[in-house]
Structures are given as C-alpha cells and as structure tokens.
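# Observations on the model geometry
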4 protein chains.
Amino acid sequence: MVTRVSSLVRAVRHPPFDVIRAAHVELVVSDLPSALEFYSDLLGMIVTEQSDEAAYLRGWEEYLHHSLVLRAGPRPAVDHLAFRVSDERHLDVIADDFARRKCKIRWHDGERGQGKALRVLDPLGFPLEFFHQMQALESNTQAFHLQRGAPILRFDHVNLHVPDGEKACALWQELGFRVTEYISTDGEPEQLTGVWLRRKPTVHDVALTVGKGPRLHHFAMWLAEPAGVTRACDQLAAAGHAHAIERGPGRHGVSNAFFVYLRDPDGHRIELYTCDYYTGDPDHPPKRWSVNDTRCRSFWGTRAPDSWYEESSTVLDLDGRVVDTSDARVDERSEVLA
Amino acid sequence: MVTRVSSLVRAVRHPPFDVIRAAHVELVVSDLPSALEFYSDLLGMIVTEQSDEAAYLRGWEEYLHHSLVLRAGPRPAVDHLAFRVSDERHLDVIADDFARRKCKIRWHDGERGQGKALRVLDPLGFPLEFFHQMQALESNTQAFHLQRGAPILRFDHVNLHVPDGEKACALWQELGFRVTEYISTDGEPEQLTGVWLRRKPTVHDVALTVGKGPRLHHFAMWLAEPAGVTRACDQLAAAGHAHAIERGPGRHGVSNAFFVYLRDPDGHRIELYTCDYYTGDPDHPPKRWSVNDTRCRSFWGTRAPDSWYEESSTVLDLDGRVVDTSDARVDERSEVLA
Amino acid sequence: MVTRVSSLVRAVRHPPFDVIRAAHVELVVSDLPSALEFYSDLLGMIVTEQSDEAAYLRGWEEYLHHSLVLRAGPRPAVDHLAFRVSDERHLDVIADDFARRKCKIRWHDGERGQGKALRVLDPLGFPLEFFHQMQALESNTQAFHLQRGAPILRFDHVNLHVPDGEKACALWQELGFRVTEYISTDGEPEQLTGVWLRRKPTVHDVALTVGKGPRLHHFAMWLAEPAGVTRACDQLAAAGHAHAIERGPGRHGVSNAFFVYLRDPDGHRIELYTCDYYTGDPDHPPKRWSVNDTRCRSFWGTRAPDSWYEESSTVLDLDGRVVDTSDARVDERSEVLA
Amino acid sequence: MVTRVSSLVRAVRHPPFDVIRAAHVELVVSDLPSALEFYSDLLGMIVTEQSDEAAYLRGWEEYLHHSLVLRAGPRPAVDHLAFRVSDERHLDVIADDFARRKCKIRWHDGERGQGKALRVLDPLGFPLEFFHQMQALESNTQAFHLQRGAPILRFDHVNLHVPDGEKACALWQELGFRVTEYISTDGEPEQLTGVWLRRKPTVHDVALTVGKGPRLHHFAMWLAEPAGVTRACDQLAAAGHAHAIERGPGRHGVSNAFFVYLRDPDGHRIELYTCDYYTGDPDHPPKRWSVNDTRCRSFWGTRAPDSWYEESSTVLDLDGRVVDTSDARVDERSEVLA
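These remarks concern the structure in this document. (Residues numbered from 1 in each chain as written. Chains lettered and ligands numbered in written order. Predicted model: local features only at pLDDT ≥ 70, side-chain atom pairs only at ≥ 80, totals over all residues. Heavy atoms only, no water.)

## Digging into the overall build of chain A
Applied cut-off: Secondary structure follows DSSP: runs of H or I at least 4 residues long count as helices, runs of E at least 2 residues long count as strands, and numbering of each begins at the N terminus. For a compact globule the rule gives 2.2 Å times the number of residues to the power 0.38, and the radius of gyration it is set against comes from C-alpha atoms. Burial classification: accessible surface area is computed with a 1.4 Å probe over protein chains only, and a residue below 20% of its type maximum counts as buried, one above 50% as exposed, and the rest as partly exposed. Whether two residues touch is decided by their heavy atoms; if any such pair falls within 4.5 Å, the residues are in contact. Exposure was quantified through the Shrake-Rupley algorithm and a 1.4 Å probe, taking into account, for residues, occlusion by the shown protein chains and nothing else. Positive charges are assigned to Lys and Arg, negative charges to Asp and Glu, while His and the chain termini are left out of the count. Charge positions come from single atoms, namely NZ of Lys, CZ of Arg, CG of Asp or CD of Glu.
Looking only at helices and strands, one finds 6 helices and 20 strands in chain A. For chain A, the C-alpha radius of gyration of 19 Å lies close to 20 Å, the compact-globule estimate for 338 residues. Sorting the 338 residues of chain A into buried and exposed places 67% on the buried side. Taking the contacts inside chain A whose residues are at least 6 apart along the sequence as the reference set, 69% of them involve residues at least 24 apart. Carbon and sulfur atoms provide 48% of the accessible area of chain A, an area that totals close to 11700 Å². Of the charged side chains in chain A, 39 are positive and 50 negative, and the gap between their average positions amounts to 3 Å.

## Comments concerning the relation of the copies chain B and chain A
Our working definition: The superposition of copies rests on a least-squares fit of C-alpha positions from residues with pLDDT of 70 or more in both.
For the pair chain B and chain A, the best superposition has an RMSD of 0.0 Å and corresponds to a rotation of 180 degrees with a translation of 0.0 Å parallel to the axis. Taken together, these values place the two copies in the relation of a two-fold axis. Comparing interface residues between copies, 94% of those in chain B also sit at the interface in chain A, which points to an isologous, same-surface contact.

## A few points about the interface of chain D and chain B
Many structure descriptions define interface size as the accessible area lost when the parts assemble. This is how it is decided: When two parts are brought into contact, each loses some accessible area as probed by a 1.4 Å sphere; the total of that loss over both is the buried area. Here, a salt bridge means any side-chain nitrogen of Lys or Arg that lies within 4 Å of a carboxyl oxygen of Asp or Glu. As used in this structure description, the phrase polar contact means that two N or O atoms lie within 3.5 Å; if the pair is within protein, one of them must be able to donate a hydrogen and the other to accept it, and residues adjacent in sequence are counted only when both atoms belong to side chains.
Taken together, the contact between chain D and chain B spans 31 residues of the former and 31 residues of the latter. Taken over both partners, the interface formed by chain D and chain B buries close to 2400 Å², and the fraction arising from carbon and sulfur atoms is 54%. When the buried surface of chain D facing chain B is broken down by residue, Tyr63, Gln142 and Tyr278 of chain D rank first, second and third, together holding 25% of it. Connecting chain D to chain B are 6 salt bridges. For the pair chain D and chain B, the interface holds 18 residue pairs in polar contact (both at pLDDT 80 or more). Among the elements of the structure, β1 (19–29) and β17 (287–290) of chain D are those that each provide at least two residues to the side of chain D that touches chain B.

## A look at the side chain of serine 67 of chain D
Residues and elements named next belong to chain D. Along the chain, serine 67 falls in the loop between β3 (54–58) and β4 (68–72). Reaching out from serine 67, the side chain makes a polar contact with the side chain of glutamate 62 at a distance of 2.7 Å. If we ignore the near neighbours within four places in the chain, the residues touching serine 67 are Ala23, His24, Val25, Met45, Leu57, Arg58, Gly59, Glu62, Phe155 and Met221.

## Digging into the sheet that holds strand β3 (residues 54–58) of chain A
Residue and element names in this part refer to chain A. Going by this rule: At least two DSSP bridges between two strands are needed for those strands to be called paired. Structural elements are reduced to axes, namely lines fitted to C-alpha atoms, with helices fitted over the stretch in contact, and the angle between N-to-C directions of any two is expressed from 0 to 180 degrees.
Reading across from one edge, β2-β3-β4-β1-β5-β8-β7-β6 is the order of the 8 strands in this open sheet, with mixed pairing throughout. Each of the sheet's edge strands pairs with one partner strand only, and the pair in question is β2 (46–50) and β6 (105–108). When the angles between neighbouring strand axes are averaged without regard to direction, this sheet yields 25 degrees. As judged from the 4 bridges shared by β6 and strand β7 (residues 117–121), these two strands associate in the antiparallel manner. If you follow histidine 108 over to β7, its bridge partner there is alanine 117. Running at roughly 155 degrees to β6, helix α3 (residues 90–100) makes contact with β5 (77–85), β6, β7 and β8 (127–131) of the sheet.

## Let's talk about empty space enclosed by the protein
Residue and element names in this part refer to chain D. Counted only if it meets this: Using a 1 Å grid laid over the protein atoms alone, points where a 1.4 Å probe fits but cannot get out form a cavity; open sets with protein on both sides within 12 Å along at least 5 of 7 lines form a pocket; any residue with an atom within 4 Å of a point counts as lining. Grid points are joined across faces, edges and corners, and a volume is the space filled by probe spheres set on the points. Classification used: nonpolar for Ala, Val, Leu, Ile, Met, Phe, Trp, Tyr, Cys and Pro, charged for Asp, Glu, Lys and Arg, polar for all others including Gly.
Under the counting rule described, the total for this entry stands at 6 cavities of 30 Å³ or more. Space inside the largest cavity adds up to approximately 210 Å³. Where the lining of the largest cavity is concerned, the elements lending two or more residues are β1 and β9 (154–162). By residue number, the principal contributor to the lining of the largest cavity is β1, which donates 4 residues. Taken together, the residues of the lining of the largest cavity sort by class into 8 nonpolar, 4 polar and 6 charged.

Structure, rendered in structure tokens:
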C-alpha cells in the first residue's frame, strides 16, 4: 500500500541550485575556554584560528578553514547551521527561493576564513547559512604523528528536532535533499518520527527527529573506524570527563553508524560517527524502519536515555533572539501523543 | 591507614597444591538444542562432542577437550565450576584440605574427555571441581578461515555472587589465589564489595561480587580484541537475538577489560572479555577502587542495569539439589544495607 | 611554476552526460569454478546468480545485481569495464561522443540483471561499458551473522595501465572525471607516472598507472576498515592460499588507502581497499607526489614487488580479440625510459 | 619417529630457582638523544628517569622502574639481557649454577631503580642479568588521555642469534624455560633453526634463531592489538622515519603474533608484538614447523628481507668487550650450510 508517507519519502526535487553538503555549525558557548578545552584538548580537533570572541576548528582531514565555530555568548544556543553550495552564483537563487517563502534573509560577509554568506531563518525556524567561498589550508589526513583524540576527521551532518516530520521532510526535499532512511509509525495514519536526507552520497547531511523544535539535536563528526569511538570514550574517562558521554558507544540500525553521543560543557550534543554506506545512485531506495523495531535507533537493543530524546540546543534567529518551539505530534517512545 | 580490608587483600598463602587456573563450567540448561544454538551457532564456539544429554564445547585457541559443558536438566543451574591443577597428585592434597574444612567431597571419573576429578561443596556453598587430566586435541588458533563469531578464544574466569566478601576472599586466598584488584566502601568499617583473584597471571580466575549467594554471576570467555566484542553484538542483533545483550559493550575500570555481558536462553550470563594486563610478578600490588568511583564498574560512567546486580545462576550441591542462598551485607549501588 | 602537467591535472570538463561512478568489471576466467571458489568461498562475496558460462557477484552493501562478472573463456582477459550513468538518456549522448572520436561502439541488451548498455573501445584501447538500468535486490549491509571474509562491501575503482599518462588523463577528464592526486617526475619535462580521477566523491573511480597498456592493473573492492584487510590475509593463508597475496597489507601515501593486492587464480589483480577521504567539494585541490618520494606508493617505505609494476590483465576489443599494447614512456622505478 | 630434536624440545627441567620472565635489556647507543627521540618521542615510551649517561624507560602498563635502558657508549652493543626472579634468595642459587658451569659472574648493586643484581656471561656468550628488587611506580594502563604511540604496553621477550640451536635450547631448558614452538629441518639429521621458550605463560620470553652469534636479534614490546602495530608505522612514516621499518607489519605463523620490526638509530632491532596465546598448562605441546613451510616465519608468505636474517646487535662481556661470534651451522633460507 502506498501511504502518504511512503510516497513523500520517495519524492525527488531538482531545485535550480546545488547544495553540496552540510558544512559547519556555529555554537554559542557560555565559557569559550571550557568549550575549547573540550573540542581541542579532549577531542583533539585542530584550532585554525581563535580570539577572545570565537574559535574556528576543523578536523584532521579538512582543508577548509573551519567546520565548527565556537562563539562566546551569554547562554548556550545555535547561531546557525551552514551548508556549502557548489557555485557562488547559487546564493542569489537560494535567496530568491527563501524570499518567495516569506523568510527573513540577510547577507553576511567577512566571517573569518569565509566569503559571502546568505543567512535565512527557514520556514521551520532554523537559522541556515549558505556559502561557497572558504579559505583553503593544509589537510592533515596523514599527519598521524600529530593527530590526537579519535581522531576527528571531518564534519558529517546535523540532526534537527522538528515538531512535524512530514512538513520538515518536504522542505528539505525542496532544497534538493533526498531521503535515504526513515522511521514511521505502524498505525493509521502512518507518521514520520525520523527522516535522514542527503546531498553528498552518504546516509545524510540532515536528519530530522520528531520532537519539540526547532532545536538542534546534534551535529556529527566523522571518524575513520569504530575503534576511534571507543578510544575517544577511554580518553574522556581517563581525563575525568566520563560525564560527557551521554549515549553509547553503540550501533544504529538506521545508517549502520557506529556512534557515541557526547555533551559539551554547554550541553550541546556532538556525535562521533563512523561506518555509514554509499547512497549516491539515483535509484537508491529509501529504507523504512518501523518505530516499533527497537533496532532502528539501537541495533543492539540498548534503550537511549530520556535526555537523548528530550534535550536539544536552542536555536537563534537572525537577530540573535531565541526561536520559540512547538511540541511534537508524535513521540518515538510512545508513538502518537494524546 | 592499614584497615582490616587493606591488610586482607595483601595476604599471600602458599598451599601445598598448585591450581593452574579456572578451566570450565558445567551448566544445566533446560533446552539443550537452544543452548547449543546460542553457544555454537550464534557465538561460534567449537562443539567437541555432543549427545542428547550433554554437549562439550571449546574456544578456537583451546587444545583441551572442553571449556564449557551444557547438560540437559529440568531447570537452569550450575552443576560445577572446574579448576585445573598442575599435577594429578595434588587432587588428594586438595581432598584432604576440604575434608579438614568438613566439606563434602566426591570423586568423579569418566566425564567425557576428562580423567579423575575431585568435586567438593566449598564452605561458601559452591560446587567446585579439581582435575588434571583432559584429552588433548587440535588447537584452532590459526584456522582463521573456519572461525565464526567474535571468535571466542578461551575460557578466562568465573565471577561469583557471595554474601560476605571478606570471608570469600580469605577462602580463595587459602587455595593459593592472589588479589589483583578490589572495590571497597569508604566508610568505617571498610567493606569489600568486589574482589578479583588470580592464579594465572591475568587479572583473575575468580572474581567475587558481593550479593545474594552462593550463585554464579557469570563466566567469561576471552577474545583477541575489542572489535570482537562489537562484532559479536552485531551478529547477535542481525540474527534477531539483540535481547541476549544485557550490558555493554563497555570498558571496566577494574581489570581494564573491554566487555559485553550476554544472557543465554536459560538466563546464564556469559561475558565476552578482552584487554586485561599482566599480573604475574610476586609484588604486583592489589589495586583499590572506591565503591563511590563510578569508573570502577564502568570506566565510561554507564550505569549497569539492575538485572546485572541482582540476577545470577543458582548452584547445585553434589547431589544436584539447589544450594540455599543468603542476602548480602552490602550493596555496591547503595553501599551498606540496613 | 605552472608546468604543462600541473595545468593539465587542474582542468575540469563538463560533458553533457553524467557518469556516476565505476560500477563493475567483467573478467574472462579460464576455470570458472576456481574463480568462484576464490571470490565467493575465500573472499566471501555474494553470488547473485550463476550458470556454467558466467557468475554474477556483489558485495555485502550492494543492492544492485552485480559488481563483478566472471565469464568462462579460453584465456584470462578483461571483457569490459563498466560505468553507471545517472539517466538512461545519457547513453545516446555518450555514444555520439565516442562516435565523434571514431571509436567502435556497440549496443548490448539482456545481460543478466542489467538493461541497455553501450560498449565502446575507447581511444586508449579499453573496452568500456556505460549503462543505467540494473536490477535492484536486497542490500546485506547489516546481515552481520551471514557475512564472510573481510567482508567485501562494494566496488570502488579500476586502475589502468596506460603508456601515455597525459593523454589518458585528458581523455578521462573529457568524460567528466576530476583529478584528485597524481605522481609526476621531478625533471624537465614533468611527466605523469600516475593519476587518480573521480566521479563519486572519493579519491577515485579510475586510476591511471603509466606502464605497458592498455591493460587492467587491478580493480578494487571497498572494506569497512583496516582490520578487514588483515583478516582477509589471515583467512587466505589459513586456507592454504597465501600465494594469492602479492603486495601488502600496507598504506598508500596516495589516497591514504589501507590495502592488500591479491592475484586471483587467473592472475587478475584485486585490491582490498579502505580508508580514503572525501573529495566532493569543487575546489578540492589535486595533490601532487614526486615520483622520488617513496611514500607515494608505500607510505611505510616498503618496495612493491616488480610483478606489481609489470603484470596486468590483457583487455579484449568489442569482438573479443586481445588489444595490442604499447610500452610506457616512463617507469616510476627508474623514471624516464631510454 | 622420535628424533633427537623432537625429544629435546619436550624436555622439562626443574632447577632450584624461579625465573619469572624476561624483564629488560640494556642497550649501548652511540647517540643518546637520538635514541631517546626514537623510543620516547616517536614510539611514545615513558621516560622514568634520565641523565647524560643513561635513560630508563618503561611501557604504559608497567609499574616497575624500567624495561629498557639506553646507555651512551662509543658504539652500539648490548650491555645485558635481564630476567626477574621471584625471590631475592634465588640469586645465590643461580650464581652457584653458573659458577659450576665455569661462567664468569659479577654482582651489581645500585643500578637506578633496581636492587642487587647478578651478572653472568652464559656458556653461549650472552651477558645475562638476574635480579629481583626493582622500584615500584605507577602503572599507566588507563592513562588513555596521555598515551602516545602504539602505545607500547610492556616488555615481552628477547630473540637471540645462536650458532647451535640444540645447545642453546638445552641451556635455556636447564634454566627452567619450556619450549612452546620450534622450526626444524626436514632432512636427516633434523636440526633446529628456531626455538621459542617461555617462563611466563605466553609463547616466549626467549627465542633462539640459528645464525651467527652470540648476538641479540631483537627485543619485543607488547601492544594491545594489531591496530597498534599499523598505527606505529603510520606515525613513524608521518614523522619522516619510514626507514626505521624493516619488516612487516605481518603475521607470524609461529606464535600467531601480529608484528612489525623496527631498527632504532643505532640499528638495534625492536619488535612491536601482539596477539600470542596462553601456554601455561604443563602439558602444553611444543608445536613444530618445518623450515620448508613458508608460513612459519610469515603466515601470509611475505619473504623477510635478508637484513632480518643477517643483522643483529653485538653483545658485550662483563668487562664491556665485544664477544666474538661464530657462524651458524644451518640457515633457514637454504637449510644446512656447506
């Protein structure tokens, strides 16, 4: 039977612009030195540049200026989620697209190491950035003698808490993203509780988790192999930071990822992520998981802690004000809410 | 300050017999085919020999006839825990030792693949077996093309639920075992909640966990590396047996083990265990962990499920009757009980 | 200084068709059962379908019908190298392109599991196939309980022996491929000895190794992690096939791959390949290695055996006749030939 | 057929003293800062103590003061090979034993971190040290956040070049060591070309390789898993020291070790070693390999370089003079020499 959901997830849109991939996040942190200690000293990311206001970090494989920005601010929040386009000229096309949607847009220039950038508050309430130009530096893929931590190699994806899965899925499809996997309820009507969408040919650049939103559930950094995930845990615990480990290590059914979820000193959630698979062929079929299959979130059956379902990072609008949230219509743990 | 506990754990006894190591367990299982499916098909152990009544299994590295016996019976229980001595003549010396302790002893002969064996019900209520002779077969250490599962390489240790940690520790020291690590309370008086004792130069052949006993908390099989632990989980889950995974994968603070705990179809607990370290020098210092240090049981801070603290396998006396249990005087989760 | 080579490798062409990736090879094997034993029993690939004439295999992650075809024939050779296009309509465009180059073209239909296919003998003498339609089957990414061997997950790339590196590089760029890494001589004029080109965002779909050609140096299958490479070696050796291991395991400087090269019973060379990195951004800079840097081919400095430089698989033209070869103008081991 | 060799390797002697294990080596190095850079900066060993004359290093698991001593001297050599006994009183018994053999003995006291030590020049010409007391320090098994390199965990064994395998085997058996594996010729008479002997229950504390001797072929440090071996290679190569990698990484048939052999700046050979198996049961059967089975030295069939067979470290007598060497009677590569 073709339900509305199964039809939705198979939709493929071809917008007149080309987003390559999710590229970085900018986090507001309440204590920049603590945040830097976490991402640089404990997790071993490279600090490309830093000041009293902000730090720009990247993974060991990355040749672009940054894939994570930590900005000092009064309270923890997400300043924006950034996506790279293949050509600078696509920025105007995207601006027109969001203007048509009555979204606020704003042009930025002069972010450290980066060229012109388009910021929008999308219809779901998320602060998105689109850019093309960024300063190229050395990659450190083979600087094995200097690498620390897992090590963290590159930015992989963002996972967003959204109240309405179908609406959010449709928006990201309109931006050219394709569904690779999804979780839905078994009842009538079928409802999405999670969706994974990609531009680059991995399982995702953006995942949507149904829950109170708009909020950032987590961003994820890519590691070379599962042993990196457990090494990161061992190093955190040895350094007295075992409390940063929220969930895992474990295997996701969805995406086949081997993962661990950490909470930084401000509570922002970072996933260390590896495994995944190739999804780049145009007929790659979206894979459905029933919300009642415990293996979709945790292949080994381990229940995620409630904090993992409930807590997320607040997002800011283009003027730096907290975006209001709405509750979800469905919860994976109990399916449809009253 | 030298407490009674810190003095106890440093004691070294030299009995007139030489137990080499923990060697195997014999489990009573309520459904032999299901148990065999679990240990042989799912976990990949080698079946040396089997009949309608019992199956004899070993790991891929082992050249002796068996390191696990599954025996069909009316309800799940532990028939005995077996230890190998270096010389057949030591059996009589051990028999005398337990006779002096007023323990029941019984001589066995003719177990498949095994020579003369001494069975005793020790003063704590555990059914122990001591033996020397066992049939030698081929080791399969390098039969990489045939290996399945983690793979499981060899028997490593047993972990016993005992109500009184100090008393149990003293008994095993009298049998020649030495303490390598222990967990104790911080209050007055200091009380043991866990002790690890060894004959072979690893962290342990026998561990004592304070809890309702005598019961067998788990037996452990040795794997080559952490990746084997996660591979076993992936394979169990893929085969539809994720429910067998009770705790982990994780890292113990104690012993440095990378582990996962599984429950077989009868609820018997098996640990897949790797890492550990060398302890064979005579001045190797026992390492203390405070019961309030969450890293001792779980280096990454993950709380063990209550079932892991509470459930254990019943043991049988020499006549096959269930041995009565007593409650513990202290509980690691809340320290001293009322 | 911008040399002719450094300018060449930076060229980006945008042909009016979209090749997604290298997809499979069809090998002529002199003894099909032996070849099947090698790829299926020893390396653990899945046999999708087989007959007396041919066998169709795929990796554990792949959902398309095949990524390797073994066809029985009188002597070992390469029947064709296949590339998938994103849209069936691109096949006619590609046919026109090769017709303009005066290349022989031929349309195929009815290969098992595959739709219409275009075969061409390219200007370098290689038998290429372009296709879009292929039967979709189940992926087995998470069938961990059934997986055997490394396991082999998916097809990754082909590596071609070509006499003239610059000419071959230019051809593949005209087909839309982009250079990610290259090896060149230090003298005047700078000459290419190796080039890596990609469509999918990894280091390569096609590599060109300067040497006697046209011949297929090897095709490569992707594994999840380095431990899979060593596991494959252990399993081959345990099964009495250590002679199949030609080079490695090792680390390439180029591509960062962790690899081993095997020779199948007919001498066809297969690489088991893992690690690599993301190359999908449009400004990803081609990385140069000097031919005098021993780390480019072998990061750890281990010299490749002469057979690895000299031996390769003969290719067939569209009528099944062996394509004549020419000697190379330069040799990495001694640079420019007399 | 019971040959002289097969009878020899099964001999078990019970001398009136207890050597626990091989414990450390003291190397004379021509440039102490270079040697320290190699062992500490590149391989990541812990420097317990150092001066202008000598440096004392240990692995991350070790709690004793040192397992490697580097002493500045005019030319590279081995000062002594050290073994730990279980009780200080055994030193006099060992001194008497070597005095009966007409060997030079000398008592040492005051080596940094160490108590009384007996030095002997054994009948084969090797400078051996026996000791019991050594200063206890912190183990760093779980200091994962500080660990560097593979990391190196502990000392494992020494491998000696000896001209006469049978004679050397008999001597080490008289010191209480037991044969676990051996390589011998297939002809008449059967001759040993390699023997592995142990005190601690691993494959060996001492290996004997037939060749020009007395010389130290290598000493070996234990790693947790194969990934540590390849990590060490990646780090050495990244730091510009790929030339230090002499052989491997690879798998030995003998001992099942996953290994790499490195040469330090003075040419001393160190093996990074992992895997191995338990050998502690008294009836553990010695395993024979034919010298014509290429898998014994290299399970994957890779030929060792000639340097690995021919080059070794010179040893010094008790007065610091180079001990003369004799050629071997048999060579594994060509069996019996003319």
